[in-house]
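Listed below, chain by chain, are the residues.
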Amino acid sequence: MASAENVPTPEKAPKSHAAPPAERKARPPVDPSVLRHRELKGGEFWREIPAFANVSEEEFLDYKWQMKNSLYGEDKLLELMEGLAPKAFVDDVLRGFHLAPMAVRVTPYLFSLIDWNDPLHDPIRTQFIPVASRLTMDHPMLTLDSLHEQADAPVEGLTHRYHDKALFLPLDTCPVYCRFCTRSYAIGVDTDVVEKVSLKVSPKRWEEAFAYIESRPELEDIVISGGDAYNLAFKHIEAIGMRLLEIPNIRRIRFATKGLAVMPMKILSDERWLDAVTRVAEHGRKLHKQVAIHTHFNNPNEITEISRRATNTLFERGITVRNQSVLQRGVNDEPETMRLLVKRLGEINVEAYYVYQHDMVQGVEDLRTSLQTNLDIEKFVRGSTAGFNTPTFVVDAPGGGGKREAHSYEHYDRETGVSVYSAPSVKPGQLFTYFDPLHSLSDAARADWKDADKREQMVQDALSAARSHQGQR
């Protein structure tokens, strides 16, 4: 046994000295602009539109009035714009109607939120009302169903791409039609440039989907989309929700709707629809299964005091609401705009879930941004609020690779605009390419994309670089 005198004396850790009170510095007073997310548009703002000047609050907050007075088709919309917007702008819209892949449908609520002093640059107008002057040539690598939703559909209206999740499309209509819709191949009526795939309401077709879900024990998570779940009758909401919850392997279901962003008054005035969703959510809790609503706000101007009232109603009923945004040029591609959107979502108890890189959709190349824009905005937004209220920025890989974190590319050539992703848990061994919009590239790169041989070489070079990167790991 070592003697006491031979035992080494451990070094003493240096003492920690707290700063004296006099040296502690308080944070400076907060700039009021930092709290902008709490400032939601309120009052009877719709009365500023001449056609709605005499509409009472009771009428405006009635979803039936909103549906009845929705601006569907060019005639009604153009009539309302007369006197609100310059003639040159109205003519621009008229030309845009005939070049767009999506039909136009806008609620009075959305129409009232547009800044008619500058409609050309308004972020809400940009998403829903096409103007010919802003349209640009589609990328040569674009396809109509870029995400291969139909190719990954074992039965009509059900896409099974991920191992444990499926996308169920019970209908093909929405309360509004977004220009950038990734399902422009099916949603809404035929347009001058797209003949749609039909996904009409059909309980018989639905039953085929349910039978498939029951036959696949690995499926645990079902997204009920469309179209838009807002447009499902209350009895169908309950029937679909309860049917899925009773399937033993299903653990989670989500109703996907843009309705909260474009017609929040439905939550406030359609008691039967709200009660149906509530009964499904309550039944899910009894079965220890999750039921949520996924919605779609893209710009902070879309969030109003009416939005807050609607989301508060859902919050009081214990229904989780998550948001999925699409990154769009002129809508939310400025870092400060995205940060304000994320903070404002938190203000109304909506979880910021995803921000998608804009899909390669026909006729809306003007709305797409480069992948680098996505990466820069994500870096800026992260740290602005709690992690659970910070969205994940993703690329839904063309060709059916599914959602990939934007930063997780195998290769990204910023000169050609080609990024390459892998999806080992979705489609192992495959590589998936995304292409920056031509307007974000140099003149030389744009010229190369017009050459079919150079186009093929750029894609092959990117794939080779991605495989080399994989081999180095």
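Residues numbered from 1 in each chain as written. Predicted model: local features only at pLDDT ≥ 70, side-chain atom pairs only at ≥ 80, totals over all residues. Heavy atoms only, no water.

S.K.: I would appreciate a short explanation of the overall build of the protein chain in the present structure.
M.R.: Regarding its fold elements, the protein chain presents 16 helices and 14 strands. Taken over the C-alpha trace, the protein chain has a radius of gyration of 25 Å; the compact-globule value for 473 residues is 23 Å, and the two agree within 12%. Overall, the C-alpha framework of the protein chain stretches about 100 × 60 × 50 Å when taken along its three principal axes. Across the 473 residues that make up the protein chain, the buried fraction comes to 53%. (Helix = DSSP H or I, 4+ residues; strand = E, 2+ residues; numbered from the N terminus. Rg over C-alpha atoms; globule rule 2.2 N^0.38 Å. Buried < 20%, exposed > 50% of the residue type's maximum accessible area, 1.4 Å probe, protein only.)

S.K.: Looking at this structure, I do not really get the sheet that holds strand β13 (residues 418-422). What am I missing?
M.R.: Hydrogen bonds between backbone groups are what pair the strands of a sheet, and the pairing can be parallel or antiparallel. Taken together, the 3 strands give an open sheet; going across it, the order is β12-β13-β14, and neighbouring strands pair in antiparallel fashion. A strand with exactly one partner marks an edge of an open sheet, and here the two such strands are β12 (411-413) and β14 (431-435). Across this sheet, the average inter-strand angle for adjacent strands is 20°, counted without regard to direction. On the sheet, helix α16 (residues 452-471) packs against β12, β13 and β14 and is oriented at approximately 130° with respect to β14. (Pairing = 2+ DSSP bridges. Axes fitted to C-alpha atoms, helices over the stretch in contact; angles between N-to-C directions. Contact = heavy atoms within 4.5 Å.)

S.K.: Before we go on, may I ask you to explain the nonpolar core in this structure?
M.R.: The tendency in soluble globular proteins is for nonpolar side chains to be buried side by side. Counting residues in hydrophobic clusters, the biggest one holds 120 residues, and the most contacted among them are F60, F111, W116 and I253. Broken down by element, the residue count for this core peaks at 6 residues, all from helix α11 (residues 271-286). Not counting the four nearest positions on each side in its chain, F60 is found in contact with F45, W46, V55, W65, Q66, P108, Y109, S112, M265 and I306. (Core = buried A, V, L, I, M, F, W, Y, C linked by side-chain atoms within 4.5 Å.)

S.K.: Hey, could you run me through the packing of aromatic side chains in this one?
M.R.: What describes a pair of aromatic rings is the distance from one ring centre to the other and the angle between the planes of the rings. For the structure shown, the criterion picks out 18 aromatic pairs. Among the aromatic side chains, those forming a connected cluster through ring pairs are F45, W46, F52, F60, W65, F89, Y109, F111 and W116. Between R105 and the ring centre of Y72, over which it is positioned, the NZ or CZ distance is 5.4 Å. In this structure, K266 packs its charged tip against the face of Y230, placed 5.6 Å from the ring centre. (Phe/Tyr/Trp six-rings, centres within 6.5 Å; stacked < 30°, edge-to-face > 60°. Lys NZ or Arg CZ within 6 Å of the ring centre and 35° of its normal.)

S.K.: Which parts of the structure should I look at to understand the sheet that holds strand β9 (residues 351-356)?
M.R.: Spatially, β3-β4-β5-β6-β7-β8-β9-β10-β11 is the arrangement adopted by the 9 strands of the open sheet, whose pairing is mixed. The open sheet has two free edges, formed respectively by β3 (158-159) and β11 (402-405), since each of these has just one partner strand.

S.K.: Got a minute to help me understand unusual backbone geometry in this structure?
M.R.: Trans peptide bonds make up most of the peptide bonds, and negative phi angles are found at most residues other than glycine. In this model, H288 sits at a positive phi of 60°, which is unusual for a non-glycine residue. Looking at the secondary structure, you find H288 in the loop between α11 and β7 (290-295). Located in the positive-phi region is N349, a residue other than glycine, with phi close to 60°. By the element assignment, N349 lies in the loop between α13 (335-347) and β9.

Function cannot be inferred from these measures alone, as they are strictly geometric.
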